[in-house]
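What the coordinates show
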Amino acid sequence: MKQKLVVIGAGMASGRVLEHLTDDAPEAFDITLFNAEPRGNYNRLMLSPVLSGEKTYQDIITHDDAWYAARGVTCRFGESVVSIDRKNKQVIGQNGAVAYDKLVIATGSAPFIIPVPGKDLPGVVTYRDLDDTDAMVAAAAGGGSAVVIGGGLLGLEAAAGLAMRGMKVTVLHLMGHLMERQLDEAAGYLLRRDLEGRGITIKTQAATKAILGEDRVEAVLLESGETLAADLVVMAVGIRPETRVATDAALEVARGVEVNAQMQTSDPDVYAVGECVELDGLLFGLVAPLYEQARVVANGLLGKPDVFVAKELATKLKVTGCDLFSAGDFAEGEGREDIVFRDPSRGIYKRLVIEGDRLIGAVMYGNTADGNWFFGLIKDGTEIDEMRDTLIFGPAFQGGDSLDPLSAVAALPPEAEICGCNGVCKGKIVEAIAGGATDLGAVRAQTKASGSCGTCTGLVEQLLQVTLGDDFQMPTAQPICGCTDLTHEDVRRLIKSQELKSQAAVWQELGWTTPNGCHVCRPALNFYLLADWPLEYLDDPQSRFVNERKHANIQKDGTFSVMPRMWGGMTTPDELRAIADAADKYKVPTVHVTGGQRIDLLGVKGEDLPAIWADLNRAGMVSGHAYSKGLRTVKTCVGTDHCRFATQDSTGLGIKLEKHLWGSWTPHKVKLGVSGCPRNCAEATCKDIGVVCVDSGYQIGVAGAAGMDLKETERLTEAKSEDEAIALITAFMQLYRENAKYLDRPYKWVAKVGLDWVKERVVDDLESRAALVDRFEISQSIYRKDPWAEHVQNRAQIYAPLADLTLEAAE
Amino acid sequence: MNWLDIAAIDDIPLRGARVIKTPLGCVALFRTAMAEVFAVSDRCPHKGGPLSEGIVHGQRVTCPLHNWVFDLNTGQAQGADEGQIATYPVRVEGGRVLLDTVALGKKSAA
C-alpha cells in the first residue's frame, strides 16, 4: 500500500526531494505539498534578475502546475500549516487536516527584521520571495529613493536591481566593508567602487536608528543623526531558520530544526531539509548543500542508506557586471601567508591564503576564471609547494601549459566540480558529451550542469570544446549591442514568433540589461517593430537617429540639408523657381546637384526647417527622404520620350516605382535606377534595385552596390510588363524589410540568404509574391505620406527653442 | 538661486530634449524615460554636435555626430572618450520645469 507523505514548504530543497522521489519510485508515496506562498517551486537564485527586469517570473518557474499534476502531487498552495499533530500523525492546515506516514519540514528561512521604530510602516519590505520582489518592482515604478539596509549578498542584489529600475539607491551596512563574511577588505572596496560607479550610494559603519514616516515610509534616521529620504526601505540584514511549526510540535530545535546526518529530526518519521535545519551547529543557506540534503532525504524515505556531509563552500556573487569569488578561510592568522595579485587599472584583485603547504582560502575580484581550480585545491587539500611561485596565475601556468584558456579546463581532474549549484563534476559532463550530448542544452538537460544560477555556462561550453574539438562550434554570433546577448537575427525572429509589439515588450521579454536600450539597439528595434507590426506599433521618433527624427540631414556644423523629391529625376521650371526662392529666403549657403538627380539645399538652420518645408509644400514638393533608411531616389534616363536608342518608357516606370515605394522604411537606404536600354545611362546595374529596359521587357537586377563596396546587380528575373516589374520590385522590397538585419544594404542581405532563396519567394511562388505585395501595401497605408507636411502642421513647435533667456524680460 | 518656470515637463518629448537659449549658449533640457529632467550644455566638446538631437537612453545621451555618450548627471563622457559638458541645476515641481537663471548667466531679478 502507498505511504502518505506530507511536505511543508515548496522551496528549492523540497522541490529537489520531490524530483528524486518521483523519478526513483513514482508509486511509493501519496504526496501532499503545502506552501504558504500561493505558487509552487521556483528558482529563488533568479529573483535578482526578476527584480532588475532581466527575467520574468515565468522564466524562473522550476515546477509548474503540469509538473505537479504529472507526478500526482496534491498541491495546497497559499495555505499555511497551523500545526503538526505528531500523536495522530497528521498535519493541520488552514483548510483541514492531512494524515501522514512520513513528514518533511522544508519551511526555509524568514528575513530578520531589525527591531527599530517604524519597521512596520508601509513601504518597508524584505527580500525573500516573489511577493517581496513584486512589491519592490511596483515601488520602483514610481522612481524615487530606496534605502537598502544590509550590504550582504541579498542586500546588494536588491540594490543593483532597484538601481537598474531607475531608483536612487543607498545601501546601509553596519560593518566596515561590504559582504564581510565572504570578502576581504580589498575585494570589498572594488565591489563598492563598481557599485558606486553605477550610481549606488554605499554607507558603511552605518547603523539604523529609526524608520520615519506618517502613514508610509518617508526617511531613514541613522545613529549618526543623518536622515536619508526614502520611498522604499528594503531590510536585508540576514535570515533565520523558520522553525515555528517544528517548535510547536515539540521537535528539538536549536537555531534551526535539529537533524542527524540522515536529515531526520528528533522524530524519525519527520525529516527536515533546507534552510530551516541545523546539523552539528551549522546552518545552510547556499543551494549546493541543500541539494545534497534533498538527495539524502529522498534516499532515507525510500529506505536507502545515505549520509549528508557538510562541505567547504565557495561563493559567487551574481550582480550583473560584478565578478567576484571567495572560498575557504581567508582571515589573517598566525602561520598563514598571503599571495596577492593586483591589477588596479583592470580592477583585478586575487588573494590566496596558505597555511603550511596547503591552500586554505581564496578571494578574487574582477577575474574569477580560475576560481573553481583554486576551490578544488582547497577542498582536496592538495600540496601546493611545487607550484607555489606561479600558483596565483592559475592552472594555465602550471606544468608549462600554454596560456590557452581551454587548457585550464583541460587540466582539471575528472572529479573537479564544474557546477557548484548541482554538484556536477567534470567527469560526469565529459561522460554525457561522450554519450551524445553535443551542445549546451543537451548537457544541461542530462546533467543539470549550468541549470541553476548559470555562472558556469562558459566552463561547460569550454568543456564541450575541449572534448569535441573541431566538432563543436562555439556560438560566435555577435549580439546587437551591450544591452543584450541576442543577435539581430534572434531578435527579428522573436519579435515575430512571440508577437512582441512594443519596445518595452522586447526589453522585458528578451531580457534587455538596460532600462531602455542604447543608441545602437533602439533604432534597430524601432525598425523591426514597425516593419513587422505596421498597424499595431507606433513609430517612436525618440528611437531614431536625428536625421530621421527631423526629416533632414544633420551637417557637421549642426545645420541641416533639405532635399525635395524629384520624381524619377524630373522637375519643372516652377519647382526650380520655388527652390531658388527658398534658397534666397532662408539664406542657404550651398546648393548642390546630387548623384540621385535632385537638388540639395545645405546649411539650413534647424529652427527654419518647418518654414522652408511649408514653402516647398506650397509649390507641390514633398520630402525626398534623403536622410532615411528607406526609399531614396529612382534615377532614370529620358527613355523613349526623347532618346533614339531607348526601348521602353524608363522615365515613366521610374516615376511609377517612386510614387509606389516612397515613404517606406527599410533596414538601410534603398536606391533604384531605371535605364531605357543596355547603354545604361541611369547606372541601374550598381543600384540596390536596377531595371534595364530591353525590347522584350524589363531586366530586373538586385543587390548592386556603389559605395564602400562596388558590386554589379544580380539578375532577379525579367518582367514582361511594367505592372509585373512593379510587383516583383515591391515584393523584393518587402522581403528585404521583413528579413534583413538593420543596416544591411540589400547586397549584404542577399549574400547571407542567397539569391535563390529570394527568387523562390519573389519570382517563383506567385502566392508568396502577392502576399508580400499585400503586406507592403498595408504598411504603406501608414507610411506613404509626406512627413514634412505633417511636421509643419503638428510638430513645428519642437523645432523652435523652448525658451530664450538671452532676451530681457519685458517688464 | 533664482528659480524660473521655463515650461511644462510635457513640452519635452519623453526620452528626448528641447533647447533653450541662454547667455551661456544653448542649453539642452533632457527628459528621460523615468520623467527626470536634466539641464546640460547643448554642445558636444568633441566637434560641437547638438546633444539635444541625440538619442536618450537611461540617464545618458549619445551625440548625433560621432556617438560620444555623456552621463546627464555628471556631464562626463563615457567609455574611452574624454570630455565633460556643463550641467545646470534644474527642478521639476508639479509638472513644471524650473531653472536657476543665476547659474545660466542671468543677473538675478532686482
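Scroll up to find the structure.
Before going into details, it helps to say that this report is about the structure given with it.

Scanning chain B from N- to C-terminus turns up zero helices and ten strands. Overall, chain B shows an N-to-C arrangement of helices and strands of β-β-β-β-β-β-β-β-β-β. Against the 2.2 N^0.38 benchmark of 13 Å for 110 residues, chain B shows a C-alpha radius of gyration of 13 Å, consistent with a compact globule. Projected onto the principal axes, the alpha-carbon positions of chain B cover approximately 45 × 25 × 20 Å. Within chain B, buried positions represent 52% of all 110 residues. Looking at chain B as shown, the accessible area adds up to about 4800 Å², and 48% of this sits on carbon and sulfur atoms.

In this section: the sheet that holds strand 3 (residues 73-77) of chain A. All names here are of chain A. Strand order in the open sheet formed by five strands is 3-2-1-7-19, with parallel pairing between adjacent strands. Unpaired on one side and paired on the other, strand 3 and strand 19 (270-272) mark the two borders of the sheet. Each neighbouring strand pair of the sheet contributes to a mean axis angle of 15°, computed without reference to strand direction. Direction of pairing for strand 2 (residues 29-35) relative to strand 3: parallel, over a ladder of five bridges. Counted as the bridge partner of phenylalanine 34 is arginine 76 from strand 3. Sheet strands in contact with helix 1 (residues 12-24) are strand 1 (3-8) and strand 2, and its direction is about 165° off that of strand 2. Strand contacts of helix 8 (residues 287-301): strand 1, strand 2, strand 7 (102-105) and strand 19, with the helix running at about 165° to strand 19, the strand carrying the most contacts.

Okay, the nonpolar core next. Residues and elements named next belong to chain A. Counting 47 residues, the largest nonpolar core has Leu103, Ile105 and Leu301 as its most contacted members. Take this core: its biggest share by element is six residues, from helix 8. Ignoring any residue separated from it by four or fewer positions in sequence, one finds leucine 103 in contact with Leu5, Val6, Ile8, Ile84, Val91, Asp269, Val270 and Tyr271. Listed in part, the 41 residues of the second largest apolar core include Phe325, Phe374, Cys421 and Val460.

Let's shift gears to the sheet that holds strand 18 (residues 257-258) of chain A. Strand order in the open sheet formed by three strands is 18-20-21 (chain A), and the pairing between neighbours is mixed. Every other strand in the sheet has two partners, leaving strand 18 and strand 21 (282-283) of chain A as the edge strands with one partner each.

A few words now on the packing of aromatic side chains. Residues and elements named next belong to chain A. Applying the stated rule across the entire model yields 14 aromatic pairs over all chains. Aromatic side chains tryptophan 67 and tyrosine 68 sit 5.3 Å apart centroid to centroid with 85° between the ring planes, which places their arrangement in the edge-to-face category. Looking at tryptophan 67, the relative accessible area reads 15%, which means it is buried. Ring plane angle 5° and centroid distance 5.5 Å describe the contact between tryptophan 613 and tryptophan 788, whose orientation is recorded as stacked. Residue tryptophan 613 is found in helix 19 (residues 609-618), and its partner tryptophan 788 is found in helix 25 (residues 787-795); the two are separated by 175 residues along the sequence. Judged by relative accessible area, which is 0%, tryptophan 613 ranks as buried. On the basis of relative accessibility, which here comes to 0%, the residue tryptophan 788 falls in the buried class. Stacked on the ring of tryptophan 567, the Lys or Arg arginine 565 has its end atom at 5.7 Å from the ring centre. Against the face of tryptophan 567 rests lysine 659, its NZ or CZ located 4.7 Å from the ring centre.

Glancing now at the pairing of strand 1 of chain A. Residues and elements named next belong to chain A. Examined bridge by bridge, strand 1 and strand 2 share six bridges and lie parallel to one another. Looking across to strand 2, one finds that lysine 4 is bridged to aspartate 30. The parallel pair strand 1 and strand 2, bridged by helix 1, forms a crossover whose chirality is right-handed. Inspection of the sheet shows strand 1 paired to strand 7 by four bridges, in the parallel sense. Within strand 7, the residue paired with valine 6 across the bridge is leucine 103.

Once that is clear, we can look at a negative patch on the surface. Negative charge collects at one region of the surface, where Asp756, Asp764, Asp765 and Glu767 of chain A lie side by side. Position of aspartate 756 of chain A relative to the elements: it lies in helix 23 (residues 755-764).

The figure often quoted for interface size is the accessible area lost as the parts come together. Facing the 35 residues of chain B at the interface are 37 residues of chain A. Each partner contributes to the roughly 2700 Å² buried at the junction of chain B and chain A, and carbon and sulfur atoms together form 58% of this total. Inspection of the chain B/chain A interface yields four salt bridges. Where chain B meets chain A, there are twelve residue pairs in polar contact (both at pLDDT 80 or more). Among the secondary structure elements, those contributing two or more residues to the side of chain B that touches chain A are strand 1 (3-8), strand 2 (16-22) and strand 5 (55-57) of chain B. In terms of residue count, the dominant contributor to the side of chain B that touches chain A is strand 2 of chain B (six residues). Along the lines of polarity and charge, the residues of the side of chain B that touches chain A split into 19 nonpolar, eight polar and eight charged. Pairing geometry for strand 40 (residues 803-804) of chain A and strand 2 of chain B, over two bridges, is parallel. Across the sheet, residue aspartate 804 of chain A finds its bridge partner in strand 2 of chain B, namely lysine 21 of chain B.

Thresholds, definitions, all that
- Residues numbered from 1 in each chain as written.
- Chains lettered and ligands numbered in written order.
- Predicted model: local features only at pLDDT ≥ 70, side-chain atom pairs only at ≥ 80, totals over all residues.
- Heavy atoms only, no water.
- Helix = DSSP H or I, 4+ residues; strand = E, 2+ residues; numbered from the N terminus.
- Rg over C-alpha atoms; globule rule 2.2 N^0.38 Å.
- Buried < 20%, exposed > 50% of the residue type's maximum accessible area, 1.4 Å probe, protein only.
- Areas by Shrake-Rupley, 256 points an atom, 1.4 Å probe, with all protein chains shown as cover.
- Pairing = 2+ DSSP bridges.
- Axes fitted to C-alpha atoms, helices over the stretch in contact; angles between N-to-C directions.
- Contact = heavy atoms within 4.5 Å.
- Core = buried A, V, L, I, M, F, W, Y, C linked by side-chain atoms within 4.5 Å.
- Phe/Tyr/Trp six-rings, centres within 6.5 Å; stacked < 30°, edge-to-face > 60°.
- Lys NZ or Arg CZ within 6 Å of the ring centre and 35° of its normal.
- Right-handed = clockwise from strand over helix to strand, strands pointing away.
- Patch = residues over 30% accessible without salt bridge, like charges linked within 9 Å, V, L, I, M, F, W, Y side chains within 5 Å.
- Salt bridge = Lys/Arg side-chain N within 4 Å of Asp/Glu carboxyl O.
- Lys, Arg positive; Asp, Glu negative; His and termini not counted.
- Charge placed at Lys NZ, Arg CZ, Asp CG, Glu CD.
- Buried area = accessible area lost by both parts, 1.4 Å probe.
- Polar contact = N/O pair within 3.5 Å; in protein donor to acceptor, adjacent residues only side chain to side chain.
- Nonpolar A, V, L, I, M, F, W, Y, C, P; charged D, E, K, R; others polar.

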